[in-house]
Amino acid sequence: QDAKIGFDIYGKDPSFLKGKTKRRKPSVVPTMQLIPIPPDILRQHKNIILCVDIFFFGGQRFLHTISTHYNFRTVTMMKSATQNSLTKSLAPIFNLYTSRGLDIEHMRADFQFESLREDIRPINLHTTAVGEHVPEVEGSIQTIEGDCRAIYNSLPYENLPKQLLKGLVEYVIHIQNLFPTKILSVLFMNQLHC
């Protein structure tokens, strides 16, 4: 009786469980089918303007982009803001748009991106004067920082490691990208009714 009670309290021997338990077969990763952009939207908004800036959150540097019309946001954590680092960080973002059939016609950025002018051709770079900012991306950064601070202050931790800060910013961007802009919603609904 005591032995049975002992098994109820302490469970089975850990070494027995580790040695005898079989590995469960992992679940299959589902194949995601990309939904093509509706032709009406692609016809009217194929050429986009990409607004770019760098912001800091929790002492970490992030490259942020937002496209006009689509208001699609991306964020990349960066170690430095050198010309080479900026070029490498922007390349996957450019590929993301071109892979969906969109053309980045213009890029708006602060003066610190001036060194990229030749690296990003044929995209036309428009930089602001010193002390000025691109309003679309500045407004987006304020929204991101506000949402990140709200979540950060709800957590029971005083400090977050780099990877958790990165995940927090990426999560906020993901949530903001879930909802389409008003213009695209109207165009999409019109296409559904046709």
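Computed from a predicted model, the values in this text were never measured in an experiment. (Residues numbered from 1 in each chain as written. Predicted model: local features only at pLDDT ≥ 70, side-chain atom pairs only at ≥ 80, totals over all residues. Heavy atoms only, no water.)

**Thoughts on the sheet that holds strand β2 (residues 60-67)**
Next, step 1: With respect to topology, five strands assemble into an open sheet ordered β3-β2-β1-β4-β5, the strand pairing being mixed. At either end of the open sheet lies a strand with only one pairing partner, and these are β3 (73-78) and β5 (124-127). In this sheet, neighbouring strand axes are inclined to one another by 25° on average, regardless of whether the strands run parallel or antiparallel.
Next, step 2: As judged from the five bridges shared by strand β1 (residues 47-57) and strand β4 (residues 103-109), these two strands associate in the parallel manner. Paired with Ile 48 across the bridge in β4 is Ile 104.
Next, step 3: Each of β1, β2, β3 and β4 is contacted by helix α5 (residues 135-154), which is oriented at about 45° to β1, the strand it contacts most. (Pairing = 2+ DSSP bridges. Helix = DSSP H or I, 4+ residues; strand = E, 2+ residues; numbered from the N terminus. Axes fitted to C-alpha atoms, helices over the stretch in contact; angles between N-to-C directions. Contact = heavy atoms within 4.5 Å.)

**A short note on the nonpolar core**
Next, step 1: With 22 residues, the main nonpolar core has Leu 50, Val 52, Leu 63, Leu 90, Phe 94, Met 107 and Phe 113 as its most contacted residues.
Next, step 2: Within the residue set of this core, elements represented by two or more residues are β1, α4 (83-98) and β4.
Next, step 3: At five residues, α4 tops the list of elements feeding residues into this core.
Next, step 4: If we ignore the near neighbours within four places in the chain, the residues touching Val 52 are Leu 63, His 64, Thr 65, Leu 90, Met 107, Arg 108, Ala 109, Asp 110, Phe 113 and Val 137.
Next, step 5: Within the second largest apolar cluster, 17 residues are counted, among which are Cys 51, Val 75, Leu 160 and Val 172. (Core = buried A, V, L, I, M, F, W, Y, C linked by side-chain atoms within 4.5 Å. Buried < 20%, exposed > 50% of the residue type's maximum accessible area, 1.4 Å probe, protein only.)

**Topic: the pattern of salt bridges**
Next, step 1: Throughout the structure, instances matching the rule amount to five salt bridges.
Next, step 2: Close ionic contact of Arg 43 with Asp 40 constitutes a salt bridge, the shortest N to O distance being 3.0 Å. Taken together, the residues Arg 43 and Asp 40, both in helix α3 (residues 39-44) and three residues apart, mark about one turn of the helix.
Next, step 3: In this structure, Arg 108 engages Glu 136 in a salt bridge whose closest nitrogen and oxygen atoms are separated by 2.8 Å. Placement of the pair is Arg 108 in strand β4 and Glu 136 in helix α5, with a sequence separation of 28 residues.
Next, step 4: Among the residues examined, Arg 108 registers a relative accessible area of 28% and is labelled partly exposed. (Salt bridge = Lys/Arg side-chain N within 4 Å of Asp/Glu carboxyl O.)

**Some details on a nonpolar patch on the surface**
Next, step 1: Taken together, the side chains of Tyr 171, Ile 175, Leu 178 and Phe 179 define a hydrophobic patch exposed on the protein surface, amounting to about 430 Å² of accessible area.
Next, step 2: The topology assignment puts Phe 179 in the loop between α6 (162-177) and α7 (182-193). (Patch = residues over 30% accessible without salt bridge, like charges linked within 9 Å, V, L, I, M, F, W, Y side chains within 5 Å. Areas by Shrake-Rupley, 256 points an atom, 1.4 Å probe, with all protein chains shown as cover.)

**Topic: the state of the cysteines**
Next, step 1: A complete count under the given rule lists zero disulfides for this structure.
Next, step 2: A disulfide-free cysteine, Cys 148 has its sulfur positioned 19 Å from the sulfur of Cys 51, the nearest such atom. (Disulfide = S-S within 2.5 Å.)

**Remarks on the packing of α5 against α6**
Next, step 1: For the pair α5 and α6, interaxial distance at closest approach is 10 Å and the crossing angle is 120°. By the criterion of interaxial angle, the relationship of α5 to α6 is oblique. Pair α5 / α6 crosses with right-handed handedness. Between α5, through Thr 143, Ile 144, Asp 147, Cys 148, Ile 151 and Tyr 152, and α6, the contact on the second element is made entirely by Leu 165, Leu 168, Val 169, Tyr 171, Val 172, Ile 173 and Gln 176.
Next, step 2: Of the residues belonging to the contact of α5 with α6, the class tally is 10 nonpolar, two polar and one charged. (Parallel < 35°, antiparallel > 145°, perpendicular 65-115°, else oblique. Left-handed = near helix turned anticlockwise from the far one by under 90°. Nonpolar A, V, L, I, M, F, W, Y, C, P; charged D, E, K, R; others polar.)

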